[in-house]
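Structural features, examined
Chain residues, written in single-letter form:
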Amino acid sequence: MLPSLLVASLSLAAASWALHESDVGVVDWHTKLVGIPLQNTFHGDLILTTTTSNVFAALNATDGSIAWRSIHDDDDPIMAFDVYDHSNVALLSGHGGSTLRTYDTSTGHLLLERRLHNPTHARRHELQHVGITTGRSSVEGSTPLFVLTNGDTVSRIDSQSGDVVWTWSSPDQGSLVVYSHIRTTSDAVYAIGLAKSKTTYTLHVTTLSVANGSTIASVNIPANLATDTPGFVLLELPPSSLSTPGPCLTWLESSSIRAAVLTPGLKGQVQILPGVNYTRIQDIGLAGAGQFIAFAQSGSAHVMRYDGESLQLMWEFTDVAPSRTRTESHFAGSLSEDGEPRIASVYWSHANRQAIHQTFTPRLAEGKGQLTGYAFPFRTHEHGVIRHVTFDGRSSRTHETTRLLLTTSTGTLQLWKHDTLQWSREEALSTIRVAAFVPLPQPSASSDLSTGSTTGRRISNTVLSCIRRFSESVLQHLRTYTVSPSTRESGSARSSGALSTLYSDQFGFRQVIVAATTEGVLYGLDSSDGRVIWRRLFGLGWASDHVGGRVFPVKMYVLPEKVGRVVDGSQEETMKQTVVLVTQRRAHNTLVDTVVFEVDPLTGDDVRPLEDGESDTSRSRYGPLEGKDVIQGPMIEAFVVPDGQGTVAMLDEFLQVQLYPDTPATRASLARLAHSLHLVLPTRTSSIPSPGAGGDIDPSTRTLLVGHRLSFNDNVSTVHVAYPTWRIIFSPGETIRETIRNDKNIGQELSVGKVLGDRRTLYKYLNKHLRVVLTEAKGSGGQMGLEESSGSMCGLYVLDSVKGTVLYQVKLPAPEGRCDDVHAALVDHWLVYAYFEDGTGAGGDGTKGWRIVSVEMYEGKQPDDVTRSRELSSYSNATTDFMAYEQAYLIPYGVTALSTTSTRLGVTLKNLIVASRRHAVHSVPRRLLDPRRPLGKVSPAEAEEGLVTYDAVLPDDARLALSHNYEVANIRQIMSAPSRLESTSLVLAIGLDLFLTRVSPSGTFDVLSENFNKAQLVLTIGGLALAIGLVRPVVRRKQLRGRWYSV
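1. Digging into the overall build of the protein chain
A tally of regular secondary structure across the protein chain gives nine helices and 65 strands. In the protein chain, 54% of the contacts between residues at least 6 apart in sequence involve partners at least 24 apart. For the protein chain, the exposed surface amounts to about 47,800 Å²; the carbon and sulfur share of it is 52%.

Given below as structure tokens:
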């Protein structure tokens, strides 16, 4: 029984196996990213970096490729790292620095992993409370690692074995003093922290024995540090120094720099540098060489040096503050090949329209220094402003070899060698918020569009026009049968990146992916290879004038074809489409506005309707992309008015409808369609009567789901206003996480039923108003309509958005009190959701693991019942007349996102696309998830339907992995788009990485296979034509003779 079941299951999945090895990189692509850099450092030919995506990675400095990367979970944040023994790096991660790992810098191999404390017991502090450093001397061939964890514990760890040699804990356990930095000398370990008083911070230093961790001294250093930026710098002399004094603790207090030279006994005095008022001090990476930067109130920057006894002024950078002619200077330090410090200064010159780089080389023996510089063509209009600079001091011998690593405000990482850009990484792609597929025009259609459609006007003869179209169709089909899809895309579709040749391929695989990121960048990507076609930066409007802010994408819409024309008596439509992006602009002064951008997906040009007094020539393709302020405040909801004109409607916080574009035509369209529009909005209130509680008022906060319709009353408002029609009251503590619409157009579903083996029919329940609502309940409250529960639970509801009827609901467990592991997808009549069962719930079977539940909804209560749900009014009682088939399956991996495939006509079966925590993308055949799979032996009628015996565990088959050997990390969203082939769907996975591939759930039934014998087909047709030609005269003579003799 088991072998036959396995064979049947595998045969069902045969249509969606992963790609053949020869197709890898041809029909799919993978963009590997690391995230927005936080801290970068050069290490030979590698660049070590930590990112906002919680990734620790090494990049090749020669070409920018990823040498290796270590991806950490959200509950294991990266805290600090330090290089030791020139070839290894130690990393602290987890809350409070709970885990220590060491890696080989060249390969990324994990050498050591040690749990230092339970992360659930970690102490949280507002200040930095984790640090790591290495000892200067090796003990029995092993370099000791000294780590600071929880802000109150210092440990010495053997870097080879991971054994903890000793541990010291602060007597107050962080209640009074929070330690943030540690340094080691041959004599002692210095732990420096902050002790908070009523209004300021004071410094506290503790010295420990290197050998056994015993306390040598512990003192408070008189200081008054500001609570908002309590910064200080701990300076050391380089190892090459002849003298061996202790480190120097430097801080800024009352505009004066103060310093204290530390000794193991902590005996000494605080020194004050008089004469100059400073605003801040900055560690530029040369603290180990005894140097830092101090910014003076006069607008200059001073290079300060610790000589073993006191602080000395080495050099002055003049005019480093921002002004009308330049931006603020960014400083970075590094050591040259001979161990001498080098300091780089980079700023943008408004006058020269270039970036300026300066290198300061100190001459310590002479007490002087040398400043050299050059300009390089950084494109600030494409990549934003420079945020951080990392300097490779080993390359600073000459200008031509100097290397700079820039991190920009848009998340771009660039390496410059002198004035030449070596490589650039678009790390903002790891922060995509919303995206959309836009089909490209055919070459002929694009040519007509670009020439103003003059060709169509010149052909006045309808017959000639039909002949032209027929000849193009014949040539098109000849190319289809002689060239496979893979060959065509690897050739012509990737041949050129010029905008003039941005056309679709024969099968519609090449499209434009318009993606908006949280870093303020809008991208146009080529779906054939993932290449960036164009990029635009979001403008800030009025906030760009001395205010600043950020633009956060909310929703993206691809407007339908906007231009129609009549040629030779027949209606023709162009492929001109635009992308409308609805965003929220949050200015630094806390004001929030709703801004709409509209772009051409092929070029990224601004195609917003022209304002009064604005000309099309005033819009620059190279400047920031400016939008239209539609709402002066936050937006509650946005949707497209189904008028065929691409009208976008937005609700402000007063539930007033604002239109884009706002014209008399769009207002008339909204007025005509307002009665058919239904909105579902979540809201919160603090005074809602509890169901069944009579007149008593429950003072606890409740979450409501409220249905709305639109009305217009010119006595109250000049625009349409949403008013409530129904509401659902959730239990106390239950909040709405997400609302999911039917993510595929229900009109694309050509099949309205499923014929059973006994010739009866199950008619699909096709209700376009269905919504899935995911909730999270904290504490003791239960979900609406479910029994009370003492713990946290997750809720899933399927409801009709017109009248608020709950059609399906289920209570799911919440492991560790969170519902982030619940994912759902709804398409047509098929609902799929995944969750983690922790085995502790009352309704569970005690088995831990991930589950996928498949639910199919059909009309009536039995087969052959018909209610015409697609045409049925939502106010009819028959909308609740349906039956649901449901079945759960165990899956061997965690789920991060769910979606389904989509095709142009809806004929092809829909497969479930699953992103797993294995950093892979899987395609699960629809037949394996059929909830009607029989529990016992398959009957002949069920076998005729293609059903197989139910198995509780879905197969863990590597051939189901669409991503094959790619590591597609941290997928948050899966999108699918149809191609021109009904059999094939494009699938895009969005997360830390980007991955696109093709899926054919029912096989490529509309394309000939590559091994099809085309020559035999041609010879057969030719032989038949020849035979017809030879036989035709014989048949005619026979027919003629028959007529004569039949008379």
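2. Points about the side chain of Ser801
Residue placement: Ser801 occurs in the loop between strand 54 (793–800) and strand 55 (806–813). At 3.0 Å, the side chain of Ser801 and the backbone oxygen of His769 are in polar contact.

3. Some remarks on the sheet that holds strand 13 (residues 164–169)
One open sheet holds the four strands; their spatial order is 10-11-12-13, and the pairing between them is antiparallel. Looking along the sheet, the strands with just one partner apiece sit at the ends: strand 10 (131–134) and strand 13. Going across the sheet, the axis of each strand differs from the next one's by a mean of 15°, ignoring polarity. Where strand 12 (residues 153–158) and strand 13 come together, five bridges link them in antiparallel fashion.

4. Description of helix 7 (residues 664–673)
Taken together, the buried positions of helix 7 are Thr666, Ser669, Leu670 and Leu673. The arc enclosing the buried residues of helix 7, seen along the axis, measures out at 95°, which places them on a common side. Elements that come into contact with the buried residues of helix 7 comprise strand 44 (635–641), strand 45 (647–652), strand 46 (657–660) and strand 48 (702–711).

5. Observations concerning the state of the cysteines
For the structure shown, the criterion picks out one disulfide. Paired by a disulfide, Cys794 and Cys819 hold their sulfur atoms 1.9 Å apart. The disulfide joining Cys794 to Cys819 has a torsion of about -100° about its S-S bond and is therefore left-handed. Of the two residues, Cys794 sits in strand 54 while Cys819 sits in the loop between strand 55 and strand 56 (823–827), which places them 25 residues apart along the sequence. For Cys794, a relative accessible area of 1% puts it in the buried group.

6. Regarding the sheet that holds strand 28 (residues 354–363)
As summarised here, the arrangement of the four strands in space is 26-27-28-29, forming an open sheet in which the pairing is antiparallel. The open sheet has two free edges, formed respectively by strand 26 (330–335) and strand 29 (368–376), since each of these has just one partner strand. Ignoring which end each strand starts from, the neighbouring axes of this sheet average 20° apart. Strand direction decides the pairing type here: strand 26 and strand 27 (residues 341–349), joined by six bridges, are antiparallel. Paired with Gly333 across the bridge in strand 27 is Ile343.

7. Topic: the pairing of strand 64 (residues 985–991)
Regular strands have side chains that alternate between both faces of the sheet. Within strand 64, seven of the seven residues are buried, leaving the element largely enclosed by the surrounding structure. Judged by which residues are buried, strand 64 turns out to be covered on both faces: Ser985, Val987, Ala989 and Gly991 on one side and Leu986, Leu988 and Ile990 on the other are all buried. Pairing geometry for strand 63 (residues 971–978) and strand 64, over seven bridges, is antiparallel. Across the sheet, residue Ala977 finds its bridge partner in strand 64, namely Leu986.

8. Overview of a nonpolar patch on the surface
On the surface, a cluster of nonpolar side chains totalling about 320 Å² of accessible area is made up of Leu1008, Phe1012, Leu1017 and Ile1021. By secondary structure assignment, the location of Leu1008 is in the loop between strand 65 (994–999) and helix 9 (1014–1046). Leu1008 gets classed as partly exposed once you look at its relative accessible area, which sits at 31%.

9. Some remarks on the packing of aromatic side chains
Under the counting rule described, the total for this entry stands at 22 aromatic pairs. For the ring pair Trp68 and Tyr103, a centre distance of 5.6 Å and an interplane angle of 25° mean the geometry is stacked. On the criterion of sequence distance, the pair formed by Trp68 in strand 5 (residues 66–71) and Tyr103 in strand 8 (residues 99–104) is long-range, its members being 35 residues apart. Classification of Trp68 as buried rests on a relative accessible area of 7%.

10. Examining the environment of Val389
Within the secondary structure, Val389 is located in strand 30 (residues 386–392). Val389 sits in the buried class, given a relative accessible area of 3%. Taking the C-alpha atoms as reference points, Val389 and Gly333, separated by 56 residues in sequence, lie 9.3 Å from one another. If we skip the residues at most four places from it in the chain, Val389 touches His330, Ala332, Val346, Leu404, Leu405 and Leu406.

11. Some words on a negative patch on the surface
There is a patch of like negative charges on the surface, built from Asp73, Asp74, Asp75, Glu816 and Asp820. Residue placement: Asp75 occurs in the loop between strand 5 and strand 6 (78–84).

12. Observations concerning the pattern of salt bridges
Under the defined criterion, the tally for this structure stands at 33 salt bridges. In this structure, the salt-bridge partner of Arg280 is Glu328, at a minimum N-O distance of 2.7 Å. Residue Arg280 is found in strand 22 (residues 278–282), and its partner Glu328 is found in the loop between strand 25 (311–317) and strand 26; the two are separated by 48 residues along the sequence. Since its relative accessible area comes to 33%, Arg280 is described here as partly exposed. For Glu328, a relative accessible area of 33% puts it in the partly exposed group.

13. Some points on the environment of Asp163
Looking at the secondary structure, you find Asp163 in the loop between strand 12 and strand 13. Considered as a pair, Asp163 and Arg114 are 49 residues apart in the sequence and their alpha carbons are 8.5 Å apart. Other than its neighbours up to four places away in sequence, Asp163 contacts Arg114, Arg156, Ile157 and Asp158. A polar contact of 3.1 Å, which involves the side chain of Asp163, links it to the side chain of Ser161.

14. Notes on the side chain of Ser1000
Inspection of the secondary structure puts Ser1000 in the loop between strand 65 and helix 9. Under the relative-accessibility criterion, Ser1000 is labelled buried at 15%. A distance of 3.2 Å separates polar atoms of two side chains, one belonging to Ser1000 and the other to Thr984.

15. Observations concerning the environment of Pro732
Relative to the helices and strands, Pro732 resides in the loop between strand 49 (721–729) and strand 50 (734–741). Given the relative accessible area of 30%, Pro732 is considered partly exposed. The spatial distance from the C-alpha of Pro732 to the C-alpha of Arg702 is 5.2 Å, given a sequence separation of 30 residues.

16. Focus on the confidence of the model for the protein chain
Of all residues in the protein chain, 84% attain a pLDDT of 70 or more, and the chain-wide mean is 84. Mean pLDDT across the elements of the protein chain ranges from a minimum in helix 4 (residues 454–458), with 39, to a maximum in strand 4 (residues 55–60), with 97. Note that residues 445–466 has pLDDT below 50 and, in this model, 19 contacts with residues that lie over four places away or in other chains.

17. Brief notes about unusual backbone geometry
A cis geometry characterises the amide bond from Tyr660 onward to Pro661, with omega recorded as -10°. Mapped onto the elements of the fold, Pro661 is located in the loop between strand 46 and helix 7. Unusually for a residue other than glycine, Asp864 sits at a positive phi of about 75°. Here Asp864 lies in the loop between strand 58 (849–859) and strand 59 (882–891). When its relative accessible area of 42% is taken as the criterion, Asp864 is described as partly exposed. One non-glycine residue, His919, adopts positive backbone phi at about 65°. Its place among the elements puts His919 in the loop between strand 61 (912–916) and strand 62 (920–924). Residue His919 is classed as buried on the basis of its relative accessible area of 17%.

18. Here's the deal with the pairing of strand 60 (residues 895–900)
With five of six residues buried, strand 60 lies mostly within the body of the structure. Note: strand 60 against strand 61, five bridges, orientation antiparallel. Bridging from a neighbouring strand, Ala897 pairs with Ala915 of strand 61.

Conventions adopted
- Residues numbered from 1 in each chain as written.
- Predicted model: local features only at pLDDT ≥ 70, side-chain atom pairs only at ≥ 80, totals over all residues.
- Heavy atoms only, no water.
- Helix = DSSP H or I, 4+ residues; strand = E, 2+ residues; numbered from the N terminus.
- Contact = heavy atoms within 4.5 Å.
- Areas by Shrake-Rupley, 256 points an atom, 1.4 Å probe, with all protein chains shown as cover.
- Polar contact = N/O pair within 3.5 Å; in protein donor to acceptor, adjacent residues only side chain to side chain.
- Pairing = 2+ DSSP bridges.
- Axes fitted to C-alpha atoms, helices over the stretch in contact; angles between N-to-C directions.
- Buried < 20%, exposed > 50% of the residue type's maximum accessible area, 1.4 Å probe, protein only.
- Arc of directions from axis to C-beta.
- Disulfide = S-S within 2.5 Å.
- Patch = residues over 30% accessible without salt bridge, like charges linked within 9 Å, V, L, I, M, F, W, Y side chains within 5 Å.
- Salt bridge = Lys/Arg side-chain N within 4 Å of Asp/Glu carboxyl O.
- Phe/Tyr/Trp six-rings, centres within 6.5 Å; stacked < 30°, edge-to-face > 60°.
- Lys, Arg positive; Asp, Glu negative; His and termini not counted.
- Charge placed at Lys NZ, Arg CZ, Asp CG, Glu CD.
- pLDDT = per-residue confidence, 0-100.

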